[in-house]
Structure formats: structure tokens, C-alpha cells
Amino acid sequence: MNQKQAIRDAFWSPFRETVRREGIPYQWLALNDRVPGAEPSHWMRNFRAAASGKPGAHGGCVFQDSDGAKWLEGVAYSLRSHPDPALEAIADGAIEAIVAAQQPDGYLDTYYILTGLDRRWTNLRDNHELYCAGHMIEAAVAYYESTGKRALLDAMLRYVDLIDREIGPRRGQRHGYPGHPEIELALMRLYRLTGDEKHLRLAKYFIDERGQKPLYFEQETRESGNDFPWKDSPFGYQYYQAGKPVREQTDAEGHAVRAMYLYCGMADVARATGDESLVRACEALWESTVRRRMYVTGAIGSSAYGESFTFDYDLPNDTVYGETCAAIGLVFFARRMLALKPRGEYADVMERALYNGVLSGMQLDGKRFFYVNPLEVNPVACAKDPNKRHVKPERQKWFGCACCPPNLIRLLMSLEDYVCSADGNALHVHLYIGGDFTARVGSSDVRLHVETRYPWDGDICLSVELERPASFALALRIPEWSHKWQIGLNDRPGADEIAFAMVFSLQGPGGFVGVDGKTQVRDGYAYIEREWKPGDRVRIMLDMPAQFVRANPRVAEDAGKVALTRGPLVYCLEEADNGPNLHLVRVGSAQPHVRERWQPQLLGGVTVLETAGLRESDEWTGPLYAPVRGAPETQTVQLRWIPYYAWANRGTGEMRVWVRE
């Protein structure tokens, strides 16, 4: 679908401006190893060395090429909304270095160019050639679409031609697929640009061949002598989502980021081919992910061992991995599930991950990052408990494995593409973000102008702008957290009378029909079907109460605890507001009163929540253990909660999302 969109939003625009002005230049310095005190990237150094024709040492991880590819993709989206000749010149120079490293047959991967081309394609399982190719393809498509420049796109088309000759089902080809999925969804993106059936066929091959017997990875290990790092693990080949064919997989298993990227590719191929068996597999994996293995913040991947999923309802808060890339991958997957079928649940999860598990990965200044996103932190434990060393109480300047920072850039700078979508004769609004969003709905170009202070309040105004009257359905998402809502049409002064206004409880029966007879609620969206006229206005008012939530009782870590949410935001307690020893804090009553306070000078402007609580005394003069003699001594305190995404911006200290009742 061809969309022209521009975000002008009180919440998201400052973040995007920070990324544009601070984050993108900072990451360019990091990719060139110019950030004092930060781990080196080696990215530009590797490409320049590869272009020189003098093989030598390769710096960083085997997948280091992908870091800069994601940065370039983010730059492309930034140029789309904010043309910047100086930035474009920097990107052109980087692309020139990349293209210069490409081999005569089209091959382009600095690890093997610098360490020995004779070993290429010998470890598809672990060495990320196809993963890096996928990210470079995505960067090439985005850069071409934003600037019209073809240098990187043409280079990647040559590389894809080579991959298609080397890998596939034909005699003499390697019957392989990537250990780290990514090229599947990248090829589908390339297919949408080129219309070349070869790109669809190759993406479908990678999906269909994964996990088939005889298992390619076992054959590759025997032939190349590669060590199998997960042979004694609970995962086996499911670490790579390759232990069984994708249509037989029902549980989210193994490496969380690999899983999300694979599911994205599956959904893309299913949509393009109409493969219902692949749709059903996506639905089963979605249900496993979000209903049994996802944190309240939208984080996924509960274990540092393998950066992985473990088992149903295993969601520890203090040893969680919750990689930023995994939450970003969940946003990608949710968006593709919406493309298969518009369902409010998909957009709800997309929103939850975006506002919490993704946004927490970047410091407010755009220059420090979390790889791991915990829900409970004690800085002493992070430093001294080996099982928690992966958890950091403050964001880092950069990482030797720096997949997350550029991934954040490319998502935040492409956020326009997630707000709404056209499906047949309906325009679905998935996220309530201010700006102008244009889509082709039926035979009409519809421009939607959105004004809101979301997520701080639930009042959203949408203006429909089009050249001539047109009949279609405007579908507005009703978030699962809003139990009362109201919609008005043309309710501005001097306009026609309100055609309909309704208040509907999501706890009540479904299938509500409005007074005009053409307004229905289904699958989490309110469908307003009518002939729209230029200048029509819709106002949706979502009740946005602060509310405590409990976890499924099978989540052992959260038994007897509650978390506080308001709208799409999850809140947390931080030591800066509530003092140390947060494990001694309890929420004061079953349904405590919550006071909401807008604090414009705090953390870039946030709504703070305040509740009554109890704090157990930490004055203990006895031995380590003593007999119980009555209830613990407590005192009433006022608890101050901040949005989870903003924690760790005021120094190092304790933090908790889940608090004892």
C-alpha cells in the first residue's frame, strides 16, 4: 500500500527529533570507533579493509555488517521526513565504501572477504551471511525509496542473484537457510518493490525448507566440521527455530529475536501467497508468544541463556533478558499480523511493546542504550551476582554486539508506517499518533489529520480530508485497556448535528451497532461506515484510568504482586522517588486511590502517578532469622510511579514494576 505520512505528535516527535539530531550522528561516530570509552564497532573499518583488496583481520562479531545496515535504513527514513543534504552525503559515502567491497560475482560480507572467501556458505547456521544480507537489502530498499538512489539497491540485487544461484532446491545447490532469519522478510520487501517472482520464490523456499528432514544444519556440521554450540542444551536446533518445519511449530522457542524475524517472514509469505497453513502457524506462534511468554512491558525472551524463550509463564523480573531487539521484532510481527487480519489484539500488543519494551532501550538523550530491559533492578546484585551480570542498572554508550541501538533508530524513524493501513474499503487506525497520514482506500486517496496528547490523555480528533465524497469504513481501534469510550462525528461548533455518539463497555456484549445502523464494533475496532465528505471530523474519547493489574497465577514471580498501568504505559517505582529497599514496599490496599499529576519538567514531561503504600521497617537488631511475633512493623508512605520507559535517566538506583499487594 502506498502511504504518505508525517508525524507531528507531542509525545513521539521529541523522541524522533532527538534521534535525528543526536542519535543518528552519535551512532555514526560509534560505527567509526570515535566514541571515547565505548566498545569499538569496527563497521566502517571492516568495509574499508574489504574494499582495499587486502584480506586481514576482521573486527567485531561475524554479523557486524548488519549494524551499519540498520543505521543506513534509519537514515533513509529520516531523510524521507527531513531532507538533510549533509546527512545524505555521509550516507552516500558509507554506501560507496560498501559497494566498493562487493566481489566480482556479487558476494558482499566483510567477515568472509577478510578471513577467506573459500569458507563462505560453509556455516549458514552460525555465521550470519544471509542475516547480514537481509539487513543490507532492507537498507537498500529504504534508501532507494527515500532518495531514488540505486547504488546500494543494484549491489544487493546482484548479491541476491548470487544467493539464488548458490542456495535453493535445485540439484547442485545448497539446500540451506539462515541460522538467523532476516533475509526472508527482506526478500519480501524487495519483492514488493521489484515484482520479481524470483524474490518471492526464494523467500518462500527459506520458509518451507527450514526444519525439513534430512536437516540441513546437521549435514553442514558433518561436511564443514563446525562445532554445534547447542548440542547439549534444551534447545537443540530449535534455538534456530529449525528443529521442525515451521508449520509444525506451535510454541515460541529458542532465540527470541530469530523467532520474531522468522515469524515476520512467515506472515509476509503467507499474505503474498494466500497460504492458509502458514497463516495458522503464525496465529499459533502469536498466541504462544503474547499469551504465555510475554512480559507486561511487551518484552520477550526471559532467559540470558541463548537470549531465549524458556517455557510457559516463566517470566522472572530480575534475571529477564528482554532484549530491545526482541521487543522491536514483536512490533514487526504484530504489524504483519495486522496485515493478515486487522484485529485489535495485534495492535494492542504492538502498542504495548512500542511504548514500553522498545522505548526503554534508549536514554532520553538518544546516546545510551539498554540491550537488556529488566522489570526489577538492584544495582548491587547486577554487579556481584553472576546470574544477573547481563542486567545493567544504567544504559551503555555502545556494545561490542550493537544490534539494538541502530534497530531502535530504524523503528522510531519509520513509525509513520505503523499508524494506519488500508484493507479493502476500510482505513484502520492502529496507533493514536498525531500527524497526517495518507492512504489509498478503495478508489480514493484519503488524508487523515490526527491531533492528540496521547498517551497522556485519551482524547483524539481525526479530520478526514479528500478531494470528493467517498464511501468507506473508518475503523478506530478500541484499546483493550479502555472499558468506556465515546465517539462523536462532526461535533465541532457550527457543524452538522452529531450523527452518532456512543458509550460502549468492552466488558459488555460484542457486535454493538450504532444509531446510524452502520457503525459496528468487531475484532477490537469501531467501524464507521458512511459516505465521508471533505472536512468531516471524528472525535474518539477513550477512558484512560490508572489501574492495577495482576498476572496469570501461573506466573510464579508475580504471585501476590500488582503492576500499575495507565493507558498504553506501564509504570514503575524508582529509588530516586521512593528510596532504597523497594522489596519492602507494598501497595496500601486492594484498590488504592491513584492521583495523576502532570510534571512538565520531569523526564521530558510525564504524568506521574501517586498512591498510598506501606513500607516495612528495615530496622532489625536481631539475628539473621527470628521467630514470628506478629505482623511486620509498617508505616504509611506515598508511592510515586513514573513511566517504565523513562527509568534510569536520573542516576543509578533500584527499580521495580511488580510490587507486593
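Refer to the structure above for everything that follows.
The shown structure was predicted, so the numbers you read here are calculated from the model rather than taken from an experiment.

Student: Please provide a residue-by-residue account of the side chain of glutamate 220, values included.
Tutor: Inspection of the secondary structure puts glutamate 220 in helix α10 (residues 216–224). No salt bridge is formed by the buried glutamate 220. Its closest oppositely charged neighbour is arginine 125, at 5.0 Å. Within polar-contact distance, the side chain of glutamate 220 engages the backbone nitrogen of arginine 125 at 3.3 Å. Apart from residues lying up to four places away in sequence, glutamate 220 is in contact with Trp121, Thr122, Asn123, Leu124, Arg125, Gly225 and Asn226.

Student: Hey, could you go over the packing of helix α7 (residues 151–166) against helix α8 (residues 183–194) for me, with residue numbers and the actual values?
Tutor: For the pair α7 and α8, interaxial distance at closest approach is 12 Å and the crossing angle is 120 degrees. With respect to α8, the axis of α7 lies oblique. The handedness of the crossing between α7 and α8 is left-handed. Of the residues in α8, those touching α7 at Leu153, Leu157, Val160 and Ile163 are Ile183, Leu187, Leu190, Leu193 and Thr194. Its residues assigned to classes, the contact of α7 with α8 comprises eight nonpolar, one polar and no charged.

Student: Hey, could you go over unusual backbone geometry for me, with residue numbers and the actual values?
Tutor: The linkage connecting lysine 213 with the following residue, proline 214, adopts the cis geometry, with an omega of -5 degrees. Along the polypeptide, proline 214 turns up in the loop between α9 (197–209) and α10. Note the cis peptide between tyrosine 454 and proline 455, where omega equals 10 degrees. Of note, proline 455 is situated in the loop between β6 (444–452) and β7 (459–465).

Student: How would you sum up helix α4 (residues 85–101)? Please name residues and give values.
Tutor: Every α-helix carries 3.6 residues per turn, so stepping three or four residues along brings you back to the same face. The end-to-end C-alpha distance of α4, which contains 17 residues, comes to 25 Å, matching closely the 24 Å that a straight helix rising 1.5 Å per residue would cover. Elements that come into contact with the buried residues of α4 comprise α1 (12–31), α2 (43–51), α3 (65–81), α5 (110–115), α6 (129–147) and α7. The distance from a side-chain oxygen at the start of α4 to the backbone nitrogen of alanine 86 is 3.1 Å, and the residue carrying that oxygen is aspartate 84.

Student: Can you lay out empty space enclosed by the protein for me, pointing to particular residues and giving the numbers?
Tutor: Under the defined criterion, the tally for this structure stands at one cavity of 30 Å³ or more. When its volume is computed, the largest cavity comes out at roughly 40 Å³. Elements with a minimum of two residues in the lining of the largest cavity: α6 and α7. At three residues, the largest contribution of residues to the lining of the largest cavity is made by α6. For the lining of the largest cavity, the per-class residue count stands at six nonpolar, no polar and one charged.

Student: Tell me about the side chain of aspartate 65, and please be specific about residues and values.
Tutor: The residue aspartate 65 is located in helix α3 in this model. Of the buried charged residues, aspartate 65 lacks a salt bridge, with lysine 70 as the closest side chain of opposite charge at 12 Å. Apart from residues lying up to four places away in sequence, aspartate 65 is in contact with Trp43, Phe47, Asp109, Thr110, Cys132 and Met136.

Student: Account for α8, naming residues and giving values.
Tutor: Taking 1.5 Å as the rise per residue, α8 with 12 residues should run 16 Å; its terminal C-alpha atoms sit 16 Å apart, in good agreement. Among the 12 residues in α8, nine count as buried, and that is most of the element. Looking at α8, one finds that the buried residues are Ile183, Glu184, Leu185, Ala186, Leu187, Met188, Arg189, Leu190 and Tyr191.

Student: Which residues make up the environment of arginine 586, and what values go with them?
Tutor: Mapped onto the elements of the fold, arginine 586 is located in strand β17 (residues 585–587). Between the C-alpha atom of arginine 586 and that of lysine 392, which follows or precedes it by 194 residues, the distance is 25 Å. Apart from residues lying up to four places away in sequence, arginine 586 is in contact with Gly613, Leu614, Glu616, Thr634, Leu639, Val659, Arg660 and Glu661.

Student: Give a detailed account of the pairing of β6, specifying residues and quantitative values.
Tutor: Consecutive side chains along a regular strand alternate between the two faces of the sheet. Residues of β6 alternate between two faces, with Ser444, Val446, Leu448, Val450 and Thr452 buried on one and Asp445, Arg447, His449 and Glu451 left unburied on the opposite face. Where strand β5 (residues 435–441) lies against β6, seven bridges are found, and the strand directions are antiparallel. For aspartate 436, the partnering residue across the bridge sits in β6 and is histidine 449. Remark: two residues form the turn of the hairpin made by β5 and β6, two consecutive strands paired antiparallel; glycine 442 in that turn has positive phi of roughly 60 degrees. Bridging between β6 and β7 involves six bridges; their strand directions are antiparallel.

Student: So, the pattern of salt bridges: which residues are in play, and what are the values?
Tutor: In this structure the tally under the stated criterion is 51 salt bridges. The salt bridge partner of lysine 149 is glutamate 88, with a shortest N-O separation of 2.7 Å. With lysine 149 in the loop between α6 and α7 and glutamate 88 in helix α4, this residue pair connects regions lying 61 residues apart in the sequence. For aspartate 208, the salt bridge goes to lysine 204, with nearest N and O atoms at 2.6 Å. Placement of both aspartate 208 and lysine 204 in helix α9 is noted, with a separation of four residues, approximately one turn of the helix. The exposure class assigned to lysine 204 is partly exposed, which follows from its relative accessible area of 29%. Where salt bridges share partners, they join Arg8, Asp436, Arg447 and Glu465 into one cluster.

Student: Hey, could you go over the sheet that holds strand β4 (residues 426–429) for me, with residue numbers and the actual values?
Tutor: Think of a sheet as strands paired side by side through backbone hydrogen bonds, with each pair either parallel or antiparallel. Within the open sheet, the five strands sit side by side as β3-β4-β8-β12-β11. Their pairing is mixed. Of all strands in the sheet, those bounded by a partner on one side alone are β3 (420–423) and β11 (519–522). The average undirected angle you get between the axes of adjacent strands in this sheet is 25 degrees. Sheet analysis places β4 next to strand β8 (residues 470–477), joined by four bridges and oriented parallel.

Student: Got a sec to walk through the layout of surface pockets? Specific residues and values, please.
Tutor: Considering only enclosed or pocket space, the second largest pocket measures out at about 790 Å³ in volume. If you go around the second largest pocket, you meet 32 residues; those closest to its centre are Val290, Met294, Val296, Arg352 and Glu480. The greatest single-element share of the lining of the second largest pocket, amounting to five residues, is contributed by helix α14 (residues 344–358). Grouping the constituent residues of the lining of the second largest pocket by class yields 15 nonpolar, six polar and 11 charged.

Student: Outline the environment of serine 414, supporting the account with residue identities and numerical values.
Tutor: By the secondary structure assignment, serine 414 is in the loop between α16 (404–412) and β3. Serine 414 sits 53 residues away from glutamate 467 along the chain, and the two C-alpha atoms are 27 Å apart. The residues contacting serine 414, other than those within four sequence positions of it, are Arg16, Tyr77 and Arg80.

Conventions used here
- Within any chain, residue numbers begin from 1 and follow the written order of that chain's sequence.
- With the structure being a predicted model, the display of local features is reserved for residues of pLDDT at least 70 and the display and counting of side-chain atom pairs for 80 or more, all residues being used for whole-chain, interface and lining totals.
- In computing side-chain values, all of the structure's heavy atoms are included and hydrogens and water are not.
- In this description a helix means any DSSP run of H or I spanning at least four residues, a strand means any run of E spanning at least two, and both kinds are numbered starting from the N terminus.
- Each residue is assigned to one of three classes by its accessible area relative to the maximum for its type, calculated with a 1.4 Å probe on protein chains only: buried under 20%, partly exposed between the two thresholds, exposed over 50%.
- Under the counting rule used here, the positive set is Lys and Arg, the negative set is Asp and Glu, and His together with the chain ends is not counted.
- Salt bridge, as applied in this entry: a Lys or Arg side-chain nitrogen positioned within 4 Å of an Asp or Glu carboxyl oxygen.
- Nitrogen and oxygen atoms within 3.5 Å of one another constitute a polar contact, given that in protein one can donate a hydrogen and the other can accept it, and given that sequence-neighbouring residues count only through two side-chain atoms.
- A contact between two residues is defined here by any heavy atoms of the two lying within 4.5 Å.
- Orientation is described by axes fitted as lines to C-alpha atoms, over the contacting stretch for helices, and by angles from 0 to 180 degrees between their N-to-C directions.
- Note that the term roughly parallel is reserved for angles under 35 degrees, roughly antiparallel for angles over 145, roughly perpendicular for angles of 65 to 115, and oblique for everything else.
- By the definition used in this description, the sense in which the near helix is turned from the far one sets the handedness, with an anticlockwise turn below a right angle giving left-handed and a clockwise turn giving right-handed.
- Three categories are distinguished: nonpolar for Ala, Val, Leu, Ile, Met, Phe, Trp, Tyr, Cys and Pro, charged for Asp, Glu, Lys and Arg, and polar for the others, with Gly belonging to the last.
- One fewer than the residue count of a helix, multiplied by 1.5 Å, yields its expected span.
- Lining residues are those with an atom within 4 Å of a point, where the points come from a 1 Å grid over the protein atoms alone and group into cavities, where a 1.4 Å probe fits but cannot get out, or pockets, open sets with protein on both sides within 12 Å along at least five of seven lines.
- Grid points are joined across faces, edges and corners, and a volume is the space filled by probe spheres set on the points.
- By definition, two strands form a pair when at least two bridges between them are found by DSSP.

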